[in-house]
Amino acid sequence: MARIDAIGKNHRGVRAGLMAGWLVAACASTPGDDDDGSVEHDPHDHGDGDPHDPEGHGSGDPPDGHGEGFEPYLCASQELILGVALSDHTGSGRAELEMCHTEASGAELGYHFVAPAEGLYRFRVESHDEAFDPTLGIIRGGPACDGERVACSDDRGRDTRLPEVGTYLTAAESVIAIVDGKVGATGPYTLVVEAMADERCPDEVIDAGPLPIVVYGDTSDELNTLNGTCSGSGPDRSYLWTAPYEGRFVFETVGSVALGHDDPLLHVRDGGCGGGELACRDDIEAGVDLESRVELELAADQTVVVVVDGWIDQSGPFALTIRPANRPGRVVD
Ligand SMILES: [Ca+2]
Ligand SMILES: [Ca+2]
Ligand SMILES: [Ca+2]
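All values reported here derive from a predicted model rather than from experimental measurement. (Residues numbered from 1 in each chain as written. Chains lettered and ligands numbered in written order. Predicted model: local features only at pLDDT ≥ 70, side-chain atom pairs only at ≥ 80, totals over all residues.)

**Topic: the overall build of the protein chain**
And then number 1: Per the secondary structure count, the protein chain includes three helices and 18 strands.
And then number 2: Residues classed as buried in the protein chain amount to 44% of the 333 residues present.
And then number 3: Once local pairs closer than 6 in sequence are excluded, the contacts in the protein chain between residues at least 24 apart make up 78%. (Helix = DSSP H or I, 4+ residues; strand = E, 2+ residues; numbered from the N terminus. Buried ≥ 20, exposed ≤ 12 C-beta atoms within 10 Å, placed from the backbone. Contact = placed C-beta atoms within 7 Å.)

**A look at the sheet that holds strand β12 (residues 237–242)**
And then number 1: An order of β10-β12-β17-β14-β15 is seen for the five strands of this open sheet, with the pairing classed as mixed. Edge positions in the sheet fall to β10 (204–205) and β15 (277–281), since each has one partner strand and no second.
And then number 2: Both β10 and β12 contribute to a ladder of two bridges, which runs parallel. In the sheet register, Glu204 faces β12, and the bridge partner there is Tyr239. (Pairing = 2+ DSSP bridges.)

**With respect to the sheet that holds strand β18 (residues 317–324)**
And then number 1: In space, the four strands of this open sheet follow the order β11-β18-β13-β16, with antiparallel pairing throughout. Looking at which strands have only one partner, the edges of the open sheet turn out to be β11 (213–218) and β16 (293–298). The average undirected angle you get between the axes of adjacent strands in this sheet is 20°. (Axes fitted to C-alpha atoms, helices over the stretch in contact; angles between N-to-C directions.)

**Looking at unusual backbone geometry**
And then number 1: Cis rather than trans, the peptide bond between Cys201 and Pro202 has omega equal to 0°.
And then number 2: Tracing the sequence through the fold places Pro202 in the loop between β9 (188–195) and β10.
And then number 3: The phi dihedral of Ala172 is positive, around 70°, even though this residue is not glycine.

**Quick word on the nonpolar core**
And then number 1: Counting residues in hydrophobic clusters, the biggest one holds 64 residues, and the most contacted among them are Ile176, Ala177, Leu191 and Val306.
And then number 2: Residue-level mapping places this core at the junction of two domains, with at least three residues from each of domain 1 (2–30 + 73–195) and domain 2 (204–324).
And then number 3: Other than its neighbours up to four places away in sequence, Leu191 contacts Leu80, Leu86, Tyr111, Phe123, Val125, Ala177 and Val179. (Core = buried A, V, L, I, M, F, W, Y, C linked by C-beta atoms within 7 Å. Domains from an automatic or database assignment.)

**Quick word on the environment of Gly181**
And then number 1: Tracing the sequence through the fold places Gly181 in strand β8 (residues 174–181).
And then number 2: C-alpha of Gly181 to C-alpha of Ser105: the two residues are 76 residues apart in sequence and 5.5 Å apart in space.
And then number 3: When neighbours within four sequence positions are excluded, Gly181 is seen to be in contact with Thr90, Ser105, Gly106, Ala107, Phe132, Asp133, Pro134, Thr186 and Gly187.

**Describing the confidence of the model for the protein chain**
And then number 1: Here the protein chain averages 80 in pLDDT, while 75% of its residues score no lower than 70.
And then number 2: Segment residues 1–73 is flagged for pLDDT under 50; beyond a separation of four residues in sequence, or across chains, it makes 67 contacts in the model. (pLDDT = per-residue confidence, 0-100.)

**Focus: the environment of Arg327**
And then number 1: Summarising the element assignment, Arg327 is placed in the segment after β18.
And then number 2: On the basis of neighbour count, Arg327 is assigned to the exposed category, with 10 C-beta atoms found within 10 Å.
And then number 3: Along the chain, Arg327 and Leu211 lie 116 residues apart, while their C-alpha atoms are 9.5 Å from each other.

**Observations regarding the pairing of β18**
And then number 1: Pairing of β11 with β18 involves six bridges; the strand directions are antiparallel. Within β18, the residue paired with Gly217 across the bridge is Phe318.
And then number 2: As defined by bridge partners, strand β13 (residues 247–252) adjoins β18 across four bridges and the pair is classed as antiparallel. Residue pairing across strands places Phe249 opposite Pro324, the latter belonging to β18.

**Observations concerning the environment of Thr321**
And then number 1: Checked against the element boundaries, Thr321 lands in strand β18.
And then number 2: It is 5.7 Å that separates the C-alpha atoms of Thr321 and Phe251, two residues lying 70 residues apart in sequence.

See the structure below:
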């Protein structure tokens, strides 16, 4: 606790020393990381700029990052420890990433977290200055913050600007939690990560069977356990499903608003709850058709986890339809 307090006060010199030491340790312990400096592997980067070229070095990356005068951008400034609230101020960060918002963002700070065990974790900004509107995002991998984007949140409720992100991590998995500010804002905040020990993922396994499949559920009494990169801080239910053959499949919530859901949102993960995100979508037509639909090309026997989620904190009864892309869904009533 004392260490967190000591290094959480915007002291760049202390940060730089810690970062350098930690980078060596991180690189040595994760030789299999795929952090190759490439930006092409992130299918969810919606024009957020190039986080790998903060100093304007152009496409010719310095070899091994050791070129003279080259200062690698190490966005992960501190270790985040399970259950220990960390206080900081994004004013000491650098505005090079945009998390969960396409408008100009403020400076961000990143925190390294290693999951002590496999399971669901919830990252929350617990307090902030009223004038500061933070977002929170999770990126895989090491401190260069060029890993795959996993999930994000802007607001976790209609009456708060505070974000929270649920994500599923494997044992010893390394991620970076990024606190960013909307519309150029910076400000103070506290951040905490907790294990959601009583929650499971997936909630259900969908049995193999002829398509279309319609699954009915209700998120009204659920918790927010997972977010996608298009947010989804609402309570959710997760379904594991295996494609019966190679082809294009549609996952949609059509009929859910009529059933009483406020605003459904879907995200789909590859292989399991902690897999890479294959798609994340809120509205079929933003603000007009609140239902959600995603279409994916899947291999035979490819397993996915479909998360029926809600925009901000929206919830309710839903119908999840899985169907071949070339056939309309069953009418949901
Ligand atoms: Ca916010
Ligand atoms: Ca959620
Ligand atoms: Ca929606």
